[in-house]
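Structure assessment
Residue strings, one per chain:
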Amino acid sequence: MNIPANLKYTKDHEWVSIEGDVATVGITHFAQKELGDIVYVEVETLDQTLDKDEVFGTVEAVKTVSDLFLPLSGEIIAFNDSLESSPETVNSDPYGAGWMIKIRISNTAELDSLLSDEAYKGLIGA
């Protein structure tokens, strides 16, 4: 299973890449595999400031709809618009072109709550 060592993870199966005070967020390979074929990604929280663990959107697969939880408090400053026309990119490239949002982090202390790649592997039994 693909779990890049350079990313951080949440117990809700989101991955986080940190560059300065901006975090890029998507769902993990494990999450997209469990969901199956993704047919729609909805994020209606662009330009909003949310707290850690609040729902920032949903991902819809053929068989289910799942909430997406914000891994860090902050303002959602970007949404990956390409997912509107090609949501299946989340399945084919979850850590690259399948990213979902970018957040301007408001509380850097929350970074300590994210999981390392090794801790995430333990969580999912990889």
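Residues numbered from 1 in each chain as written. Predicted model: local features only at pLDDT ≥ 70, side-chain atom pairs only at ≥ 80, totals over all residues. Heavy atoms only, no water.

Attention now goes to the UniProt feature "modified residue: N6-lipoyllysine" (unreviewed entry) in the protein chain. Cross-referencing UniProt, the feature "modified residue: N6-lipoyllysine" (unreviewed entry) maps to Lys63 in the present numbering. Relative to the elements of secondary structure, Lys63 occurs in the loop between strand S6 (55–61) and strand S7 (65–69). (UniProt positions renumbered as here; feature names shortened; annotations may be inferred. Helix = DSSP H or I, 4+ residues; strand = E, 2+ residues; numbered from the N terminus.)

Within the open sheet, the six strands sit side by side as S1-S2-S3-S9-S8-S5. Their pairing is antiparallel. Because the sheet does not close on itself, it has two edges, and the strands there are strand S1 (8–9) and strand S5 (49–50). As defined by bridge partners, strand S8 (residues 74–79) adjoins strand S9 (residues 101–105) across five bridges and the pair is classed as antiparallel. Bridge assignment links Glu75 to a residue of S9, and that residue is Arg104. (Pairing = 2+ DSSP bridges.)

Considering all chains together, one arrives at two aromatic pairs under this definition. Centre to centre, the rings of Tyr9 and Tyr120 are 4.8 Å apart; their planes meet at 15°, and the pair counts as stacked. Of this pair, Tyr9 sits in strand S1 while Tyr120 sits in helix H4 (residues 117–124), and the two are 111 residues apart along the sequence. Each of the two residues, Tyr9 as well as Tyr120, counts as buried. (Phe/Tyr/Trp six-rings, centres within 6.5 Å; stacked < 30°, edge-to-face > 60°. Buried < 20%, exposed > 50% of the residue type's maximum accessible area, 1.4 Å probe, protein only.)

With that settled, the discussion passes to a nonpolar patch on the surface. Together, Val39, Tyr40 and Val62 give the surface a local cluster of nonpolar side chains, amounting to about 280 Å² of exposed area. You can see Val62 is positioned in the loop between S6 and S7. Take Val62: its relative accessible area is 60%, and that puts it in the exposed class. (Patch = residues over 30% accessible without salt bridge, like charges linked within 9 Å, V, L, I, M, F, W, Y side chains within 5 Å. Areas by Shrake-Rupley, 256 points an atom, 1.4 Å probe, with all protein chains shown as cover. Salt bridge = Lys/Arg side-chain N within 4 Å of Asp/Glu carboxyl O.)

Across two bridges, the pairing between S1 and strand S2 (residues 14–19) is antiparallel. Each residue of the ladder has a partner; that of Tyr9, found in S2, is Trp15. Here S1 folds back onto S2 in antiparallel fashion, the turn holding four residues, of which His13 has a positive phi close to 75°. Sheet topology note: the S2/strand S3 (residues 22–27) ladder contains six bridges and is antiparallel. By the bridge assignment, Ile18 is partnered in S3 with Ala23. Hairpin remark: S2 followed by S3, antiparallel, with two residues in the connecting loop; positive phi at Gly20, about 65°.

What follows covers the sheet that holds S7. Strand pairs in the sheet, formed through backbone hydrogen bonds, run parallel or antiparallel to each other. If you walk across this open sheet you meet the three strands as S4-S6-S7, and the pairing is antiparallel. Two strands bound the open sheet, and with one partner strand each, they are strand S4 (38–42) and S7. Pairs of neighbouring strands in the sheet enclose a mean axial angle of 25°, with direction left out of account. Across four bridges, the pairing between S4 and S6 is antiparallel. Each residue of the ladder has a partner; that of Val41, found in S6, is Val59. (Axes fitted to C-alpha atoms, helices over the stretch in contact; angles between N-to-C directions.)

Among the nonpolar cores identified, the biggest contains 20 residues, and Ile27, Val41, Phe56, Met100 and Ile101 are the most heavily contacted of them. Among the secondary structure elements, those contributing two or more residues to this core are S3, helix H1 (29–35), S4, S6, S8 and S9. If one sorts the elements of this core by residue count, S6 sits on top with three residues. The contact partners of Phe56, leaving out residues within four places of it in the chain, are Val25, Glu42, Val43, Glu44, Thr45, Leu50, Leu68, Phe69, Leu70, Ile76 and Ile101. Core analysis: the next-biggest nonpolar cluster, separate from the first, contains nine residues, Trp15, Phe30, Leu115 and Ile124 among them. (Core = buried A, V, L, I, M, F, W, Y, C linked by side-chain atoms within 4.5 Å. Contact = heavy atoms within 4.5 Å.)

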